Amino acid sequence: MIKLSLSPIALLTTGLLGATALLMATFGNFPAAHANNHTFTGVVERVWEDGFRLRVGNRRITTDTWDVCGDFTPDHVTVGDRLTIVGEFEDGEFDVFRMTNAAGEGVCS
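Here the residue index of a chain counts from 1 through its sequence in written order. Only residues with pLDDT of 70 or above have their local features reported here, since the model is predicted, and side-chain atom pairs are shown and tallied only from 80 upward, although totals for entire chains, interfaces and linings are computed over all residues. Side-chain calculation: all heavy atoms of the structure are included, whereas hydrogens and water are not.

Novice: Run through the overall build of the protein, naming residues and quoting values.
Specialist: Where helices and strands are cited, they refer to DSSP runs of H or I of at least four residues and of E of at least two residues respectively, numbered from the N terminus. Along the protein, the regular secondary structure elements total two helices and five strands. From first element to last, N terminus to C terminus, the protein shows the α and β order α-β-β-β-α-β-β. Partly exposed describes any residue whose relative accessible area lies between the buried limit of under 20% and the exposed limit of over 50%, with all areas from a 1.4 Å probe on protein chains only and scaled to the type maximum. Buried residues in the protein amount to 26% of all 109 residues. Contact criterion: two residues are considered in contact whenever any of their non-hydrogen atoms come within 4.5 Å of each other. The contacts in the protein between residues at least 6 apart in sequence include a share of 50% that link residues at least 24 apart. The Shrake-Rupley method, run with a 1.4 Å probe, gives the accessible areas here. Residue values count only the displayed protein chains as cover. Per element, the accessible surface of the protein, about 7,600 Å² overall, is 57% carbon and sulfur.

Novice: I'd love a proper account of the packing of aromatic side chains, names of residues and values included.
Specialist: Two rings belonging to Phe, Tyr or Trp (six-membered ring only in the last case) form a pair when the distance between their centres is within 6.5 Å. Interplanar angles under 30 degrees mark stacking, angles over 60 mark edge-to-face geometry, and anything in between is tilted. Applying the stated criterion across every chain yields a total of three aromatic pairs. Note on F40 and F94: the rings are 5.4 Å apart at their centroids and 80 degrees apart in plane angle, and the pair reads as edge-to-face. With F40 in strand β1 (residues 38-48) and F94 in strand β5 (residues 93-101), this residue pair connects regions lying 54 residues apart in the sequence. Accessibility assignment for this pair places F40 and F94 in one class, buried. The rings of F40, F89 and F94 are connected pair by pair, giving a single aromatic cluster.

Novice: Outline the nonpolar core, supporting the account with residue identities and numerical values.
Specialist: Here, the term nonpolar core denotes a set of buried Ala, Val, Leu, Ile, Met, Phe, Trp, Tyr and Cys residues that are joined through side-chain atoms within 4.5 Å. Formed by 16 residues in total, the largest nonpolar core has its most connected members in F52, V77, L83, I85 and M99. For this core, the secondary structure elements donating two or more residues are β1, β2 (51-56), α2 (66-69), β4 (82-90) and β5. Discounting chain neighbours no more than four positions away, the residues touching I85 are H38, T39, F40, F52, L54, T63, F94, V96, R98 and M99.

Novice: Account for the sheet that holds strand β3 (residues 59-64), naming residues and giving values.
Specialist: An order of β1-β2-β3-β5-β4 is seen for the five strands of this closed barrel, with the pairing classed as mixed. On average, adjacent strands in this sheet sit at an angle of 55 degrees to one another, irrespective of strand direction. Of the strand pairs in this sheet, β2 and β3 are connected by four bridges, and their pairing is antiparallel. Residue pairing in the sheet places V56 in a bridge with R59 of β3. Here, a strand pair is defined by DSSP locating no fewer than two bridges between the strands. Angles run from 0 to 180 degrees between N-to-C directions of axes, and those axes are lines fitted to C-alpha atoms, restricted for helices to the stretch in contact.

Novice: Explain the state of the cysteines residue by residue, including any values.
Specialist: Put simply, a disulfide is two cysteine sulfurs that come within 2.5 Å. Applying the stated criterion across every chain yields a total of one disulfide. Each sulfur in the disulfide pair C69 and C108 lies 1.9 Å from the other. Across the S-S bond of C69 and C108 the torsion is about 95 degrees, and the bridge reads as right-handed. In this pair, C69 is assigned in helix α2 and C108 in the segment after β5, connecting sequence segments 39 residues apart.

Novice: Help me get a handle on unusual backbone geometry, residues and values and all.
Specialist: Notably, D91 is not glycine yet its phi reads approximately 55 degrees, a positive angle. Its location among the elements puts D91 in the loop between β4 and β5.

Novice: Got a sec to walk through the pattern of salt bridges? Specific residues and values, please.
Specialist: In what follows, salt bridge is the name for a side-chain nitrogen of Lys or Arg lying within 4 Å of a carboxyl oxygen of Asp or Glu. Under the counting rule described, the total for this entry stands at three salt bridges. For E45, the salt bridge goes to R55, with nearest N and O atoms at 3.7 Å. Pair noted here: E45 is in strand β1 and R55 is in strand β2, with a separation of 10 residues, a long-range link. Through salt bridges that share partners, E45, R53, R55 and R60 make up one connected network.

Here it is as C-alpha cells:
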C-alpha cells in the first residue's frame, strides 16, 4: 500500500491557490478595491474643498472627491453642474473614484 503524506505547507499552499483562483474568477473584471461601485447622475447643490453634495432625484448624496480632486474640488465643480459619479459608500459619504460632466468629459482627472 502506498501512503501519501501532505505536509502542512503543501496544504496551506493548496488552500491559498484555491482561494486566489476563486477571487480572480469572482472579481476578475474589477479592481478589488472597487468591486462594489455605484453610479449616480445628478445636479451639484453645494461644493467644498474636497467634496460636494449631489441631488439625485429626491435623494442628496454627500461626496468625498479627495481621491480625484484633492483639496481643489471648487476649481473644477460648481453649483448647478450636472455630473455622473462612480464610487462607493463609506462612513456616511460617497467616495468618488471617477466623475464626468454632462458632455462625458472627465472632471478633475
